[in-house]
Amino acid sequence: KQEVTQIPAALSVPEGENLVLNCSFTDSAIYNLQWFRQDPGKGLTSLLLIQSSQREQTSGRLNASLDKSSGRSTLYIAASQPGDSATYLCAALNDYKLSFGAGTTVTVRA
Amino acid sequence: SQTIHQWPATLVQPVGSPLSLECTVEGTSNPNLYWYRQAAGRGLQLLFYSVGIGQISSEVPQNLSASRPQDRQFILSSKKLLLSDSGFYLCAWSGQVQETQYFGPGTRLLVL
């Protein structure tokens, strides 16, 4: 059974600081690793998807890395803004099933 | 473009009452469909997934059931709600299993 862990559970930073969010998973036989954003009371928005054969994926200020052998992924958000405040979820795909971490709640202070 | 709808947005139901949550997808055909539940302080839990009409797989044994009467319609049901059924229910779709999943706005269910 895939277990996904996200550390830290919460993070508060001043505007402009870079964010580093960590995700670890126990079963390295994944198809891909996905990062989502969830605003309070809302559904999930897909941010980045890293295929198992890739080492990283970038979109604007977001960069996600994947080390499948060690079971780790990291999401970097450069030059954080108050609008980046949200909960960030990582999820590992095995076969058909996405297993989610509990998320990291980020607060960016203006 | 593809869109996914869920309704109702919020629901308050007494224990023992029935439940029906609906999810529809527009702008795509033969999607894979998923139901998740997000309980307070916990991660998302996959409840059901479907790769086609009438094809439902259950991940967690419980008093919930799912049906897919049409290609782009996915329904979550219960005959008798429990207090533990409270949570945020999210529907999602994907083109292929290995592709990203797109989530609906969710239904917040409170069972009293």
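Numbers given for residues are sequential positions, taken from 1 along each chain in its written order. Written order decides the labels, with chains lettered from A and ligands numbered from 1. Under the rules for a predicted model, residues below a pLDDT of 70 receive no local features and side-chain atom pairs below 80 are neither given nor counted, while totals for whole chains, interfaces and linings still include all residues. To get the side-chain values, take all heavy atoms of the structure and skip hydrogens and water.

Visitor: Can you help me understand the state of the cysteines in this one?
Guide: Joining two cysteines, a disulfide is a covalent bond between their sulfur atoms. Here, the term disulfide refers to a pair of cysteine sulfur atoms separated by no more than 2.5 Å. Tallied over the entire structure, the rule returns two disulfides over all chains. Two residues share a disulfide in this structure: Cys23(A) and Cys90(A), whose sulfurs sit 2.0 Å from each other. Its S-S torsion of about 80° marks the bond between Cys23(A) and Cys90(A) as right-handed, since a negative value means left-handed. One end of the pair, Cys23(A), is in strand 3 (residues 19-25); the other, Cys90(A), is in strand 9 (residues 86-94), and 67 residues separate them in sequence. The same class applies to Cys23(A) as to Cys90(A), namely buried. Two residues, Cys23(B) and Cys91(B), share a disulfide whose sulfurs are 2.0 Å apart. The S-S bond linking Cys23(B) to Cys91(B) shows a torsion near -75°; that makes this disulfide left-handed. Here Cys23(B), found in strand 3 (residues 19-26), pairs with Cys91(B), found in strand 9 (residues 87-94); they are 68 residues apart in sequence, far enough to count as distant. Both residues of the pair, Cys23(B) and Cys91(B), belong to the buried class. Under the DSSP-based scheme used, a helix requires at least four consecutive residues in state H or I and a strand at least two consecutive residues in state E, with every element numbered from the N terminus. Only protein chains enter the calculation, and the probe is 1.4 Å; a residue is then buried if its accessible area is under 20% of its type maximum, exposed if over 50%, and partly exposed in between.

Visitor: Looking at this model, I keep getting lost on the sheet that holds strand 8 (residues 72-77) of chain A. Mind explaining?
Guide: One key point about sheets: their strands pair by backbone hydrogen bonds, in either a parallel or an antiparallel sense. All names here are of chain A. With antiparallel pairing, five strands are arranged side by side in an open sheet as 1-3-8-7-6. On the outer flanks of this sheet lie strand 1 (4-7) and strand 6 (56-59), each paired with one strand and no other. Strand-to-strand twist of the sheet, defined as the mean angle between neighbouring strand axes without regard to direction, takes the value 15°. As paired strands, strand 7 (residues 62-67) and strand 8 are joined by six bridges and run antiparallel to one another. The residue bridging alanine 64 from the neighbouring strand is leucine 75, located in strand 8. The criterion for strand pairing is that DSSP finds at least two bridges linking the strands in question. Every axis corresponds to a line fitted to the C-alpha atoms, with the helix fit spanning only the stretch in contact, and the corresponding angles, defined between N-to-C directions, vary from 0 to 180 degrees.

Visitor: Is there a simple way to think about the nonpolar core in this case?
Guide: What tends to happen in soluble globular proteins is that the nonpolar side chains get buried as a cluster. Ranked by size, the top nonpolar core spans 22 residues in total, and within it Phe25(A), Leu33(A), Trp35(A), Leu75(A) and Tyr88(A) carry the most contacts. Every element with two or more residues in this core is listed here: strand 3, strand 4 (32-38), strand 5 (44-51), strand 7, strand 8, strand 9 and strand 11 (104-109) of chain A. Ignoring any residue separated from it by four or fewer positions in sequence, one finds Leu33(A) in contact with Cys23(A), Phe25(A), Leu48(A), Leu49(A), Ile50(A), Leu66(A), Ser73(A), Cys90(A), Ala91(A) and Ala92(A). Membership of the second largest hydrophobic core comes to 20 residues, among which are Ile4(B), Leu19(B), Ala66(B) and Trp93(B). Throughout, nonpolar core names a set of buried Ala, Val, Leu, Ile, Met, Phe, Trp, Tyr and Cys residues whose side chains join them through atoms within 4.5 Å. In what follows, residue pairs with any heavy atoms lying within 4.5 Å of each other are defined as contacts.

Visitor: What's the story with the interface of chain A and chain B in this structure? I'm lost.
Guide: Quoted interface sizes are often the accessible area lost when the parts come together. Between chain A and chain B, the contact holds 21 residues from the first and 19 residues from the second. Accessible surface is computed with a 1.4 Å probe, and the buried area is the amount of it that two parts give up when combined, taken over both parts together. Between chain A and chain B, a total of about 1,500 Å² is buried, with carbon and sulfur atoms accounting for 58% of that surface. When the area that chain A buries against chain B is broken down by residue, the three leading residues are Leu44(A), Tyr96(A) and Phe100(A), summing to 35%. Definition used for salt bridges: Asp or Glu carboxyl oxygen within 4 Å of a side-chain nitrogen of Lys or Arg. Note that Lys97(A) is salt-bridged to Glu59(B), the shortest N-O span being 3.2 Å. N or O atoms closer than or at 3.5 Å make up a polar contact, with two conditions inside protein: a donor-capable atom paired with an acceptor-capable one, and, for residues adjacent in sequence, both atoms drawn from side chains. For the interface between chain A and chain B, the tally reads four residue pairs in polar contact (both at pLDDT 80 or more). Of all elements in the fold, only strand 4, strand 5, strand 9 and strand 10 (97-100) of chain A reach the threshold of two or more residues within the side of chain A that touches chain B.

Visitor: Just to check I follow, could you spell out unusual backbone geometry for this structure?
Guide: Residues apart from glycine generally show negative phi values, whereas peptide bonds are mostly found in trans. The omega angle of the peptide bond from Ile7(A) to Pro8(A) is 0°, so this bond is cis rather than trans. Along the chain, Pro8(A) turns up in the loop between strand 1 and strand 2 (10-14). With an omega of 0°, the peptide bond running from Trp7(B) to Pro8(B) counts as cis. Counting through the fold element by element, Pro8(B) comes out in the loop between strand 1 (3-7) and strand 2 (10-13).

Visitor: Quick question: what am I supposed to make of the pattern of salt bridges here?
Guide: Within the structure shown, the criterion is met by six salt bridges over all chains. Two residues, Glu3(A) and Lys1(A), come together in a salt bridge whose shortest N-O distance is 3.9 Å.

Visitor: Honestly, the sheet that holds strand 8 (residues 73-78) of chain B in this entry has me stumped. Any pointers?
Guide: All names here are of chain B. Across the sheet, which stays open at both edges, the four strands sit in the order 1-3-8-7 with antiparallel pairing between neighbours. Each end of this open sheet is capped by a strand with a single partner; those strands are strand 1 and strand 7 (64-70). On average, each strand axis in the sheet is inclined to that of its neighbour by 20°, with strand direction left out of account. Examined bridge by bridge, strand 7 and strand 8 share five bridges and lie antiparallel to one another. Looking at strand 8, one finds that glutamine 70 is bridged to glutamine 73.

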